[in-house]
Amino acid sequence: MISKFVTVYPGHIDMPDLGQQATPANERNFTNDQLASVFEKTEAVARQMDRFGWDTLWLAEHHFQREGYEVLPNLLMVAVHLAHLTERLKIGCGFNIAPMWHPLRLAEDYAVADILTKGRTVFGVGRGYHTREVETFGSPLQDQAANRELFEEQVEILFKAFHSDRFSHRGKHYPLPPDVPYRGYALKDITLVPRPVNLPVECWQPIVSATPRAMDFMVKYDIKGAVGGGAATMAEGPIAAYRDAAARAGKHWQLGQNLTVGIFFHLARTREQAIKEMTPFFEEHVKMFAPLGFVPGITPDQVTATQGRGGWAAAGVPTLEHFMKLGSWFAGTPDDLVEHVKKLEARFPGMEHINLSTSLCTPQAVMLEQFQWVAEEVMPSFRTTRSMAAQ
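Residues numbered from 1 in each chain as written. Predicted model: local features only at pLDDT ≥ 70, side-chain atom pairs only at ≥ 80, totals over all residues. Heavy atoms only, no water.

## Let's talk about the nonpolar core
Okay, so step 1: Judged by nonpolar contacts, the single largest core of 119 residues is most densely connected at Phe 5, Trp 54, Leu 57, Leu 356 and Val 374.
Okay, so step 2: Looking at this core, the element that brings in the most residues is helix H6 (residues 144-163), giving eight residues.
Okay, so step 3: In this structure, Val 6, Phe 95, Val 122 and Ala 226 belong to the second largest nonpolar core, which totals six residues. (Core = buried A, V, L, I, M, F, W, Y, C linked by side-chain atoms within 4.5 Å. Buried < 20%, exposed > 50% of the residue type's maximum accessible area, 1.4 Å probe, protein only. Helix = DSSP H or I, 4+ residues; strand = E, 2+ residues; numbered from the N terminus.)

## A few points about the pattern of salt bridges
Okay, so step 1: One pass over the full model with this rule turns up 18 salt bridges.
Okay, so step 2: Ionic pairing is found between Glu 67 and Arg 132, a salt bridge with its closest N-O pair at 3.0 Å. Placement of Glu 67 in the loop between strand E2 (56-59) and helix H3 (75-85) and of Arg 132 in helix H5 (residues 131-134) is noted, with a sequence separation of 65 residues between them.
Okay, so step 3: The class for Glu 67 is buried, based on a relative accessible area of 9%. (Salt bridge = Lys/Arg side-chain N within 4 Å of Asp/Glu carboxyl O.)

## Quick word on the packing of aromatic side chains
Okay, so step 1: The tally for this structure, following the rule as stated, stands at 21 aromatic pairs.
Okay, so step 2: Ring geometry for Phe 64 and Phe 137: centres 5.6 Å apart, planes at 25 degrees, overall stacked. With Phe 64 in the loop between E2 and H3 and Phe 137 in the loop between H5 and H6, the pair connects residues that are 73 residues apart, well separated along the chain.
Okay, so step 3: The partly exposed category is assigned to Phe 137, whose relative accessible area is 39%.
Okay, so step 4: Members of the aromatic cluster, each reached through a chain of ring pairs, are Tyr 110, Phe 123, Phe 151, Phe 159, Phe 162, Phe 217 and Tyr 221.
Okay, so step 5: Lys 342 extends its terminal NZ or CZ atom over the ring of Phe 382, reaching a point 4.4 Å from the ring centre. (Phe/Tyr/Trp six-rings, centres within 6.5 Å; stacked < 30°, edge-to-face > 60°. Lys NZ or Arg CZ within 6 Å of the ring centre and 35° of its normal.)

What follows is the structure, given as structure tokens:
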């Protein structure tokens with residue numbers, strides 16, 4: 001049953017214009033001072049969520065985005081900082097992009113964050129989806145098979161490092177430790193120093209393709225899954241695939257167990273008002289993500305249309321209302337949102353976390369208002385399950 005409310009904030013700054021008639025995504029080019037404003041915004045979001053009893057603030061690792069959409073390059077450093085500003089809120093790494101890290105460096109940095117935040121940093125890994133980011137750091141992304149092969153070896157090393165007093169690894173990409181002499185003896189194994197103190201390490205990963213190989217890999221390491229954002233969110237396919245993978249491994253998990261489902265939401269006193277207010281944020285989301293393949297069902301001609309100013313209706317670009325019907329976007333009243341989440345709870349009885357996220361480019365003031373509104377008028381309907389979870 002749903003008892004924990006979380007959100008994903010990808011790290012967008014407040015922008016001067018929004019929507020399909022506004023500056024095209026590839027033409028946005030903010031100053032360093034404007035981009036650095038993301039840290040004050042992140043602090044405000046964390047304080048608000050902590051104040052109103054949210055469980056986890058998930059942040060996204062991204063690089064080189066002068067366009068201002070996702071500008072948090074180091075989640076673990078931010079997590080340590082935010083833990084000093086809050087009392088109970090967990091900070092989730094959604095996600096550390098493993099191919100842009102050496103796995104031992106990532107393991108060390110997470111261990112430090114785990115200790116300094118007293119267990120309030122939640123680990124997460126992903127494979128990446130921006131060629132500008134992953135390929136610039138010297139790892140493959142266009143070659144998806146090579147990307148997955150690298151990622152899986154990195155995750156294997158991460159879990160060895162977290163949970164072993166001493167370990168070694170011999171793989172295609174990483175011979176650890178190297179075959180070198182050290183202080184008079186042959187080096188055969190190494191120890192992560194420090195290791196996390198909150199064990200076993202809770203780890204999350206996004207679920208996108210939900211292939212049997214991917215699901216089996218996640219279950220092997222007890223990695224929890226975030227099903228997010230797109231139309232597939234509301235389909236049972238990825239959720240059932242994860243449960244079925246657990247069953248293949250002899251783990252009897254309920255439908256939705258160890259998963260969270262993502263919904264982009266916006267509240268207002270009427271459905272019509274909510275749609276009107278959310279539409280420019282939705283359109284910025286489409287401008288950013290359509291060329292990356294994260295707007296389900298959109299055609300190549302429609303993608304081209306989203307990169308200019310206006311003309312979306314003539315090109316047939318899917319609307320906010322279209323995705324609301326699919327269930328992955330929500331605009332309406334607090335009571336409507338309670339009903340929406342209750343239906344999810346009934347469909348996925350093993351699910352404890354619900355990811356309610358404001359859309360990309362939602363201004364800070366609106367985000368803070370929305371998080372308070374959810375806490376005051378949505379969370380109380382789940383108070384019984386929240387209290388049982390706390391006990």
